[in-house]
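Below, each chain spelled out in residue letters.
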Amino acid sequence: MSLFGKIFGSGGKGGKAPTPQEAIQRLRDTEEMLAKKQDFLEKKIEQELVTAKKNGTKNKRAALQALKRKKRYEKQLAQIDGTLSTIEFQREALENANTNTEVLKNMGFAAKAMKAAHENMDIDKVDDLMAEITEQQEVAQEISDVISRPVGFGEDYDDDELMAELEELEQEELDKNLLEIGGTENLPSVPSTSLPSKPAKKKVEEDEDEMADLEAWAAN
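In this report, we go over the structure that sits alongside the text. (Residues numbered from 1 in each chain as written. Predicted model: local features only at pLDDT ≥ 70, side-chain atom pairs only at ≥ 80, totals over all residues. Heavy atoms only, no water.)

1. Re the packing of aromatic side chains
Item 1. Summed over all chains, the structure comprises zero aromatic pairs.
Item 2. Sitting over the ring of Tyr-73, Arg-72 keeps its end group 5.8 Å from the ring centre. (Phe/Tyr/Trp six-rings, centres within 6.5 Å; stacked < 30°, edge-to-face > 60°. Lys NZ or Arg CZ within 6 Å of the ring centre and 35° of its normal.)

2. Some thoughts on the environment of Ala-62
Item 1. Tracing the backbone shows Ala-62 in helix 3 (residues 60-117).
Item 2. Sequence separation of Ala-62 and Ala-52 is 10 residues, and the distance between their C-alpha atoms is 7.2 Å. (Helix = DSSP H or I, 4+ residues; strand = E, 2+ residues; numbered from the N terminus.)

3. With respect to the pattern of salt bridges
Item 1. Tallied over the entire structure, the rule returns five salt bridges.
Item 2. For Arg-28, the salt bridge identified is with Glu-95, shortest N-O distance 2.8 Å. Here Arg-28 is found in helix 2 (residues 20-55), whereas its partner Glu-95 is found in helix 3, with 67 residues between them in sequence.
Item 3. Taking the relative accessible area as the measure of exposure, Arg-28 reaches 42% and is therefore partly exposed.
Item 4. In this structure, Arg-91 and Glu-31 form a salt bridge, with 2.7 Å as the shortest nitrogen-oxygen distance. Highlighted residues: Arg-91 in helix 3 and Glu-31 in helix 2, separated in sequence by 60 residues.
Item 5. The exposure class assigned to Arg-91 is buried, which follows from its relative accessible area of 15%. (Salt bridge = Lys/Arg side-chain N within 4 Å of Asp/Glu carboxyl O. Buried < 20%, exposed > 50% of the residue type's maximum accessible area, 1.4 Å probe, protein only.)

4. Regarding the nonpolar core
Item 1. Core analysis: the largest hydrophobic core is formed by nine residues, namely Leu-27, Leu-34, Leu-41, Ile-45, Tyr-73, Leu-77, Ile-80, Leu-84 and Ile-87.
Item 2. Secondary-structure elements contributing two or more residues to this core are helix 2 and helix 3.
Item 3. Considering every element that reaches this core, the biggest residue donor is helix 3, with five residues.
Item 4. Apart from residues lying up to four places away in sequence, Ile-80 is in contact with Leu-34, Lys-37, Gln-38 and Leu-41. (Core = buried A, V, L, I, M, F, W, Y, C linked by side-chain atoms within 4.5 Å. Contact = heavy atoms within 4.5 Å.)

5. Here's the deal with the side chain of Gln-38
Item 1. Relative to the helices and strands, Gln-38 is located in helix 2.
Item 2. A relative accessible area of 15% means that Gln-38 is categorised as buried.
Item 3. Those residues in contact with Gln-38 that lie beyond four places of it in its chain are Leu-77, Ile-80, Asp-81 and Leu-84.

Rendered as structure tokens:
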């Protein structure tokens, strides 16, 4: 049995392969565990650094031991960082693969639905159906035109006679308007005051003769 088989179990007969969701959840749990281990190691490194500074040259042996432990923790921390990077990469790849699988499943499902929808149809049937729809639309239009067309209910009128009657009516209306314009109702009223009369020509001549006599008398 291979190393992976020993660690993760056999995938042979009787074994059931984990689902992508289960594998992704396992990887997330592992990432969480390693993150906690990181926090623990970072705190230990800080503690050992404080111990080394505290002892310094006064207690050289204790200081060196603290620095050795610090180096060991730092090495473990680096290994965890590398492991987390690997797990993160694997989880993202598995999530992408799972997404692609779901997309393909849904596309396959949609393709089956489309095939079922077109099961009893082909291009000839579609053409026949469209031709029938067009024909029925034309029939409906013809029916609409007939219904909306004015009907005389059997009465037949001569267009020339109707035109002559219309012209006669227009002439009557015109004559009526002319009579209303020529009436006296709307004329201005006659002034009540009398105009000065024009002097007669004979009266003027008599006045001129009298004036001439007076001028002759005055001269004598």
